[in-house]
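One-letter residues, chain by chain:
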Amino acid sequence: MLGTAAVGMMYASTYPSQKDNTASLPEALHIDATAAGYLQASVFGLILPLLAMIYGAATGSRAVAGEEESGQLDLVLAHPLTRTRLVLQRFAALATGAGAISLLVWLALLATRDSAELTSVTPAELLAQCVNLALLGIAFGALALGLGAAFGRRTVVLAGTAAIGVLAYTAHTFAAQIGADRLAYLSPFHHYIGGQPLRNGFQWADIGILAATASALVALGTWRFARRDINT
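Residues numbered from 1 in each chain as written. Predicted model: local features only at pLDDT ≥ 70, side-chain atom pairs only at ≥ 80, totals over all residues. Heavy atoms only, no water.

Caption draft 1: Focus on the overall build of the protein chain. Within the protein chain, the secondary structure is distributed over 10 helices and 0 strands. Helices and strands appear in the protein chain in the N-to-C order α-α-α-α-α-α-α-α-α-α. The globule rule puts the C-alpha radius of gyration for 232 residues at 17 Å, and the 19 Å found for the protein chain is close to it. Of all 232 residues assigned to the protein chain, the portion counted as buried reaches 47%. Here the protein chain displays about 11100 Å² of accessible surface, and carbon together with sulfur accounts for 65% of that area. Separation of charge centres in the protein chain, based on 13 positive and 13 negative side chains, amounts to 12 Å. (Helix = DSSP H or I, 4+ residues; strand = E, 2+ residues; numbered from the N terminus. Rg over C-alpha atoms; globule rule 2.2 N^0.38 Å. Buried < 20%, exposed > 50% of the residue type's maximum accessible area, 1.4 Å probe, protein only. Areas by Shrake-Rupley, 256 points an atom, 1.4 Å probe, with all protein chains shown as cover. Lys, Arg positive; Asp, Glu negative; His and termini not counted. Charge placed at Lys NZ, Arg CZ, Asp CG, Glu CD.)

Caption draft 2: The arrangement of the pattern of salt bridges in detail. All chains considered together, the criterion is met by 2 salt bridges. Note that Arg90 and Glu67 form a salt bridge whose closest N and O atoms lie 3.4 Å from each other. Note that Arg90 is positioned in helix α5 (residues 83-112) and Glu67 in helix α3 (residues 35-70), a separation of 23 residues in sequence. Here Glu68 makes a salt bridge to Arg228, at a shortest N to O gap of 2.7 Å. On the criterion of sequence distance, the pair formed by Glu68 in helix α3 and Arg228 in the segment after α10 (204-225) is long-range, its members being 160 residues apart. (Salt bridge = Lys/Arg side-chain N within 4 Å of Asp/Glu carboxyl O.)

Caption draft 3: Local environment of the nonpolar core. Counting 57 residues, the largest nonpolar core has Leu39, Phe44, Val105 and Phe225 as its most contacted members. Secondary-structure elements contributing two or more residues to this core are α1 (2-12), α3, α4 (73-77), α5, α6 (123-151), α7 (154-174), α8 (188-193) and α10. Beyond its immediate sequence surroundings of up to four residues, Phe44 is in contact with Leu39, Pro49, Val105, Leu109, Gln129, Cys130, Leu133, Tyr192, Ile193 and Leu198. (Core = buried A, V, L, I, M, F, W, Y, C linked by side-chain atoms within 4.5 Å. Contact = heavy atoms within 4.5 Å.)

Caption draft 4: Focus on the environment of Leu39. One can find Leu39 in helix α3. Each C-alpha atom, one on Leu39 and one on Arg228, is 45 Å from the other, the two residues being 189 residues apart in sequence. Non-local contacts of Leu39, meaning those with residues more than four positions away in its chain, are made with Ala12, Phe44, Gly45, Leu118, Val121, Leu126 and Leu198.

Caption draft 5: Representation of unusual backbone geometry. Although it is not a glycine, Glu117 adopts a positive phi angle of roughly 60°. Looking at the element boundaries, Glu117 is found in the loop between α5 and α6. Taking relative accessible area as the criterion, Glu117 reaches 39% and is therefore assigned partly exposed. With phi around 50°, Gln196 is a residue other than glycine that occupies positive phi space. Residue position: Gln196 is located in the loop between α8 and α9 (197-200). A relative accessible area of 28% means that Gln196 is categorised as partly exposed.

Caption draft 6: Region of interest: α3. Remark: the principal bend of α3, roughly 50°, maps to Arg62. Among the 36 residues in α3, 27 count as buried, and that is most of the element. Two residues or fewer after α3 comes Gly71, characterised by a positive phi angle close to 85°. (Bend = angle between axes of the 7 residues up to and from the residue.)

Caption draft 7: The packing of aromatic side chains, seen in detail. In total, this model carries 3 aromatic pairs according to the counting rule given. Geometrically, the ring pair formed by Tyr169 and Phe189 is edge-to-face, given 5.3 Å between the ring centres and 85° between the ring planes. Residue Tyr169 is found in helix α7, and its partner Phe189 is found in helix α8; the two are separated by 20 residues along the sequence. By relative accessible area, which is 3% here, Phe189 ends up buried. (Phe/Tyr/Trp six-rings, centres within 6.5 Å; stacked < 30°, edge-to-face > 60°.)

Laid out in structure tokens, this is it:
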């Protein structure tokens, strides 16, 4: 958690020395020399969402599939605990972790905001983007958790989450360039950063879509988990 916050702070603090070099960065990132443009491109556009995805995939894959493969899940379910409750508890723990990471990122950016010349981005706008960061991690965590609950194999979970993550990022980044703008709306990355919370604050529709996506993935995984045999 602290490592993610430290990475965000480190990259954000380079804005004063990098703001004149934004022209050399890829056009697909839609970067400008403003503080919001720099943060959206380098910090919240590349580094932190990747770390959020890794957190979600790793935590979600361990939640059910990891314990099932290790043989520990049978022992857990031997207690008076339903499968549905197990999945929901694991998802709640995953979501709490994602929220804590994003809170630390927000506090770290607030700490460096003045010295890094980021004052044009308000604390509320930073918080809006950090909330979306948490929801992105939760969405991919829900995907991994749902796949693990449905199939019980970490290799399936990690491969599936990675493949969907790459496709989602590609759709968000390159949809406009190939004339398929609507394709971007299918990507969680679009709802994570496409509304530019660093400029426009909370984007409630995007927040709702990310939350609904995570809920649906967990619900589908739980439904399948309750109806299949546990691997032993």
